[in-house]
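# Observations on chain architecture
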Amino acid sequence: MNKLSISISSEISNIVKVENFVETFTDYFALPSVLYGKISLSVIEAVNNAILSGNKRQPDKMVSLVAEKTDKQFKVTVSDEGEGFDYEVIPDPTLPDNINKITGRGLYLMKTLSDELIFENGGSTVTLVFNL
């Protein structure tokens, strides 16, 4: 099997389940340990965004994760049931105007840590791509 998946309700306490899922798929797909930190941080950030911004902490809305390995890439897709957002405009949190803003670092982190960031469904689905 080249895919593993999990769905969680939109509650911050479920981040623990996501951390466990990351450990599970890292072992299952025998991913290089050097990728673990990048994958873990960016997946948790994507799920946080899905819970807080996408599903607005509504526990009846779900966040789905699919982990998939091909010969040359590893992908994690995170989907929420929210309305999406304008992913064309991702402010750079390192610019002077944004440096003191509390929000906006998650997408930047995801973009920096992954080799490719793909948005679909109006931004309610994000795929993190890591080259192997």
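Located above this text is the structure these notes cover.
These numbers were taken from a predicted model, which means no experiment stands behind them. (Residues numbered from 1 in each chain as written. Predicted model: local features only at pLDDT ≥ 70, side-chain atom pairs only at ≥ 80, totals over all residues. Heavy atoms only, no water.)

## Points about the packing of helix α1 (residues 15-28) against helix α2 (residues 33-54)
What counts, and what does not: Working convention: axes come from line fits to C-alpha atoms, limited for helices to the stretch in contact. Angles between N-to-C directions cover 0 to 180 degrees. Numbering of helices and strands starts at the N terminus; helices are DSSP runs of H or I of at least 4 residues and strands are runs of E of at least 2. Crossing handedness is defined as follows: a turn of the near helix away from the far one that is anticlockwise and smaller than a right angle gives a left-handed crossing, while the clockwise case is right-handed. Contacts: residue pairs with any heavy atoms within 4.5 Å of one another. Polar here means any residue outside two lists: the nonpolar Ala, Val, Leu, Ile, Met, Phe, Trp, Tyr, Cys and Pro, and the charged Asp, Glu, Lys and Arg; Gly therefore counts as polar.
Taken N-terminus to C-terminus, the directions of α1 and α2 make an angle of 145°; their axes are 10 Å apart at the nearest point. Seen along the crossing, α1 lies across α2 with a hand that is right-handed. From α1, I15, V18, E19, V22, E23, F25 and T26 reach across to α2, where they touch Y36, I39, S40, V43, I44, V47, N48 and I51. Along the lines of polarity and charge, the residues of the contact of α1 with α2 split into ten nonpolar, three polar and two charged.

## Topic: the packing of aromatic side chains
Stated precisely, the cut-off is as follows: Pairs were defined over the aromatic rings of Phe, Tyr and Trp, the Trp ring being its six-membered one, requiring ring centres within 6.5 Å. Orientation was assigned from the angle between planes: stacked under 30 degrees, edge-to-face over 60, tilted for the rest. Each residue is assigned to one of three classes by its accessible area relative to the maximum for its type, calculated with a 1.4 Å probe on protein chains only: buried under 20%, partly exposed between the two thresholds, exposed over 50%.
As enumerated under the stated definition, the model contains five aromatic pairs in all. A ring pair is formed by F25 and F74, whose centres lie 5.1 Å apart and whose planes are at 40°; its orientation type is tilted. Highlighted residues: F25 in helix α1 and F74 in strand β3 (residues 73-79), separated in sequence by 49 residues. F74 shares its class with F25; the two are buried. Seen in terms of ring centroids, F85 and F119 are 5.6 Å apart; in terms of plane orientation they differ by 85°. Their pairing is edge-to-face.

## Quick look at the side chain of S42
Which entries qualify depends on this criterion: Pairs of N or O atoms are called polar contacts if they sit within 3.5 Å, as long as, within protein, a hydrogen donor faces a hydrogen acceptor (for residues adjacent in sequence, only side-chain-to-side-chain pairs).
Mapped onto the elements, S42 comes out in helix α2. Judged by its relative accessible area of 1%, S42 falls in the buried class. Among the polar contacts listed, one links the side chain of S42 to the backbone oxygen of K38, at a separation of 2.6 Å. Among all residues touching S42, those that are not within four sequence positions of it are M110, L113, L128 and F130.

## Details of the environment of L113
Along the chain, L113 turns up in helix α3 (residues 105-113). Looking at L113, the relative accessible area reads 18%, which means it is buried. Sequence-wise, L113 and A30 are 83 residues apart; in three dimensions their C-alpha atoms are separated by 19 Å. The contacts of L113, once residues within four sequence positions are left out, are K38, L41, S42 and F130.

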